[in-house]
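Here is how the chains run, residue by residue.
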Amino acid sequence: MADTRKLDEALNLFDAALRQFEAAVARQNERKSHEESLEAAAEALRLDRSRLAQELDGVRAKANDLVSTNQKAVGKIDAAMSRIRAVLHSNSGG
């Protein structure tokens, strides 16, 4: 009977150790899954950052084009205004 009790105790200890091992493996798998999710999210953020940087470069280029176009337009308007002033001045003096 003492041997049966010792065997039951040993089996109980083994069962408890097995449950702890299974729990540890489950936690490790959860951590690994979480790490993989974080890595995927980080990669998605890197791709988004890269795409946004490219879009920002495009916006900067368009902004520079607009500034250049506006400067040309201002130059043409100034030239036209000078010509108008010259015509008005020559007509008022005559």
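We now turn to the structure provided with this report. (Residues numbered from 1 in each chain as written. Predicted model: local features only at pLDDT ≥ 70, side-chain atom pairs only at ≥ 80, totals over all residues. Heavy atoms only, no water.)

### Notes on the overall build of the protein
Next up, step 1: A count of helical and extended segments in the protein gives one helix and zero strands.
Next up, step 2: Radius of gyration (C-alpha) of the protein: 40 Å, far over the 12 Å computed for a compact globule of 94 residues.
Next up, step 3: Dimensions of the protein along its principal axes, counting C-alpha atoms only, are 135 × 15 × 5 Å.
Next up, step 4: Relative to its full complement of 94 residues, the protein shows a buried share of 0%. (Helix = DSSP H or I, 4+ residues; strand = E, 2+ residues; numbered from the N terminus. Rg over C-alpha atoms; globule rule 2.2 N^0.38 Å. Buried < 20%, exposed > 50% of the residue type's maximum accessible area, 1.4 Å probe, protein only.)

### A few points about a nonpolar patch on the surface
Next up, step 1: Side chains of Phe 14, Leu 18, Phe 21 and Val 25 sit close together on the surface and give an oily, nonpolar patch of about 390 Å² of accessible area.
Next up, step 2: Residue placement: Phe 14 occurs in helix α1 (residues 2–92).
Next up, step 3: The class of Phe 14 is exposed, set by a relative accessible area of 56%. (Patch = residues over 30% accessible without salt bridge, like charges linked within 9 Å, V, L, I, M, F, W, Y side chains within 5 Å. Areas by Shrake-Rupley, 256 points an atom, 1.4 Å probe, with all protein chains shown as cover. Salt bridge = Lys/Arg side-chain N within 4 Å of Asp/Glu carboxyl O.)

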